[in-house]
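Survey of secondary and tertiary structure
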Amino acid sequence: MRRAESRQLTFAFADSPSGGKDVQDADESAGRMHLLLQATVKEATDSAARTAGINQLLEQVAEIPNLARALLHVARNKGAPGVDGQRVNEIVDSASEIIPKLRRALLSGSYQPGDIRRVWIPKPGGGQRGLGIPNVVDRIVQQAVLQVLEPIFEPTFHDSSHGFRPGRGAPTAIAEAKQYLAAGYAITVDIDLSKFFDRVHHQRLLNRLAQHVKDGRLLKLIHRMLKAKVVLPDGTRVATEEGAPQGGPLSPLLSNVVLDELDWELARRGLRFVRYADDFSVFVRSKRAGHRVMQSVRRFIEGRLRLAVNETKSSVCQPYALTFLGFHLSKGSDGNVTITISTRTKKRMDIRIRELTPRTWGQSLVACFESVNRYLRGWIGYFRLCTEEGVYDLRKFDAHIRRRIRAIILRQKKRPRHIFRHLTRRGVPRKMASGTAYSRTGIWNRSNRPGIQRAYPNAWFAEWLLSLCAQWHALQPLSPRVSEQRMLFS
């Protein structure tokens, strides 16, 4: 992407070293070692920073150890370059020059956030979501601000808020929702905020921040970040009058600050709720109460918070039928709350499996397994929260992936006689191999025939392919009795 001119303070970057990869790795290691050395000074400077008090928070943001930790965090997340085209590794290589210069710019007030590059990504339910990608230097500053503000605001947030908070996440949100359903609050009021990140009112957000942040210079810096112009894919530069760009390190905290007012209003009314970012559900005992809560909460959101409610995605659900964070919570036949995979998640998973295992895969099977395993490992790490009732869907996904890889094998062998020879070499009887190789049906039908299943049984896949079902069992916590039995033989 062509680098665009910006109002941002110009930083000098060293030219990329010539030569092979070893030289680049050595330079990058030197940059990281410098950052790690600077970050370790944090403990020695923390006491001095704390004495500055809430009126001098900008000094804490601009501390060299704080900026070094921020850059290390941004480097771990990697990410695409912003409008200026600078990449993370370029910043890391020049860390010894960048950080002091950035510190001086912050303290003198000469730092100006650069423009934000807008990219569009497809939404699971259709349409597109706009993400804002700040320049790497701006991401460092946002992360440095986050590291100072998060300890201030974290104790003030409500316990039912779980998104983008230390020690919290989807597991804690699902656990709380399960607790409410088990207690008999079977009706859920699901309220979806329409384009939340695009409609955050700047002045209201700054007023909320000012309740705990007394350093006007830091508030002015955040205001500049909110007002940074957005560069659209066609190059158009658009001014920002409202909204908090979704994509920077600071935006999750700002969203929690905005919606914290909603959390405490719901708590004041005595309502039970669970919120994860802008996705939240209120739990009540009857549909009549659900419709009453829906109307009153909508009035508060639109009137007080100046946000919009998406009417098409907001509803009062049937008893024990909650879809939340990709899961479906319901009541089993034994009266316990079950957690399974939602219908939307299943559809998204099917699409992703097709993308990872295309029929026309032109690389080796090893590369295919590596790609699939990488995705499945992260996927089951999140959806391990399913209860036993959700294992059925995991078995179906496992079987579907195996069949698609068998189809890839058949497609790569191309001609029927090549398929026949390959199957017989793998110990398949000639008649069974012939029934698969010379069948007049398509590849997908033949991928489920006895010949290919005999050549590539489930046991063969167990050596190469990660099994979602097996991983789910491995990730489940042991019962106390099983733990005691294992301890006896350890």
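Presented here is an overview of the structure given in this document. (Residues numbered from 1 in each chain as written. Predicted model: local features only at pLDDT ≥ 70, side-chain atom pairs only at ≥ 80, totals over all residues. Heavy atoms only, no water.)

Here we come to the overall build of the protein chain. The secondary structure content of the protein chain amounts to 22 helices and eleven strands. Residues classed as buried in the protein chain amount to 46% of the 490 residues present. In the protein chain, the proportion of contacts linking residues at least 24 apart, taken out of those at least 6 apart, comes to 74%. (Helix = DSSP H or I, 4+ residues; strand = E, 2+ residues; numbered from the N terminus. Buried < 20%, exposed > 50% of the residue type's maximum accessible area, 1.4 Å probe, protein only. Contact = heavy atoms within 4.5 Å.)

Within a sheet, adjacent strands bond to each other through the backbone by hydrogen bonds, running parallel or antiparallel. Overall, antiparallel pairing links the four strands, which are arranged 6-7-3-8 in an open sheet. Lying at the two open borders of the sheet, with one neighbouring strand each, are strand 6 (272-276) and strand 8 (315-316). Here strand 3 (residues 187-192) pairs with strand 8 via two bridges, running antiparallel. Residue pairing across strands places Val-189 opposite Val-316, the latter belonging to strand 8. Each of strand 6 and strand 7 (279-284) is contacted by helix 11 (residues 251-268), which is oriented at about 170° to strand 6, the strand it contacts most. (Pairing = 2+ DSSP bridges. Axes fitted to C-alpha atoms, helices over the stretch in contact; angles between N-to-C directions.)

Relative to strand 7, strand 6 runs antiparallel, the two being bridged by five bridges. Counterpart to Tyr-276 in the pairing with strand 7 is Asp-279. If you look at the hairpin formed by strand 6 and strand 7, you'll find two residues sitting between the two strands, and Ala-277 has a positive phi there, around 60°.

It is worth spelling out the packing of helix 9 (residues 202-210) against helix 11 at this point. Close contact between helix 9 and helix 11 brings their axes to 10 Å; oriented N to C, the two are set at 85°. Accordingly, the angle class assigned to the pair helix 9 and helix 11 is roughly perpendicular. Residue-level contacts link Arg-204, Leu-205, Arg-208 and Leu-209 of helix 9 to Leu-254, Val-257, Val-258, Asp-260 and Glu-261 of helix 11. Residues that form the contact of helix 9 with helix 11 fall into these classes: five nonpolar, no polar and four charged. (Parallel < 35°, antiparallel > 145°, perpendicular 65-115°, else oblique. Nonpolar A, V, L, I, M, F, W, Y, C, P; charged D, E, K, R; others polar.)

On to the nonpolar core. Counting 72 residues, the largest nonpolar core has Val-145 and Leu-218 as its most contacted members. At ten residues, helix 7 (residues 136-153) tops the list of elements feeding residues into this core. Residues in contact with Val-145, not counting those within four places in the same chain, are Val-61, Leu-218, Leu-221, Ile-222, Met-225 and Leu-250. One finds Ala-173, Leu-356, Val-372 and Leu-394 within the second-largest nonpolar core, a separate group that totals 59 residues. (Core = buried A, V, L, I, M, F, W, Y, C linked by side-chain atoms within 4.5 Å.)

Let us look at the packing of helix 15 (residues 391-413) against helix 21 (residues 468-475). In the contact formed by helix 15 and helix 21, the axes pass within 8 Å of each other and the chain directions differ by 140°. Taken together, the axes of helix 15 and helix 21 are oblique relative to one another. On helix 21, the residues touching Val-391, Leu-394, Arg-395, Phe-397 and Asp-398 of helix 15 are Leu-468, Cys-469, Trp-472 and His-473. A breakdown of the residues in the contact of helix 15 with helix 21 according to their chemical character gives six nonpolar, one polar and two charged.

As a further point, take the sheet that holds strand 4 (residues 230-231). Taken together, the four strands give an open sheet; going across it, the order is 2-1-4-5, and neighbouring strands pair in mixed fashion. Lying at the two open borders of the sheet, with one neighbouring strand each, are strand 2 (128-133) and strand 5 (237-238). One ladder, built from six bridges, connects strand 1 (residues 116-122) with strand 2; its direction is antiparallel. Bridge assignment links Trp-120 to a residue of strand 2, and that residue is Gly-130.

Applying the stated criterion across every chain yields a total of 16 aromatic pairs. Relative to Phe-383, the ring of Tyr-382 lies with its centre 4.8 Å away and its plane at 80°, an arrangement referred to as edge-to-face. Look at Phe-383 and you get buried, because its relative accessible area is 8%. Their ring planes at 75° and their centres at 4.8 Å tell us that Tyr-456 and Trp-460 sit as a pair that is edge-to-face. By relative accessible area, which is 18% here, Trp-460 ends up buried. Taken together, the ring pairs in this structure connect Phe-327, Trp-379, Tyr-382, Phe-383 and Phe-397 into an aromatic cluster. When the ring centre of Trp-120 is taken as reference, the NZ or CZ atom of Arg-118 above it lies at 5.4 Å. (Phe/Tyr/Trp six-rings, centres within 6.5 Å; stacked < 30°, edge-to-face > 60°. Lys NZ or Arg CZ within 6 Å of the ring centre and 35° of its normal.)

Spatial relationships are all this shows, so hold off on functional conclusions.
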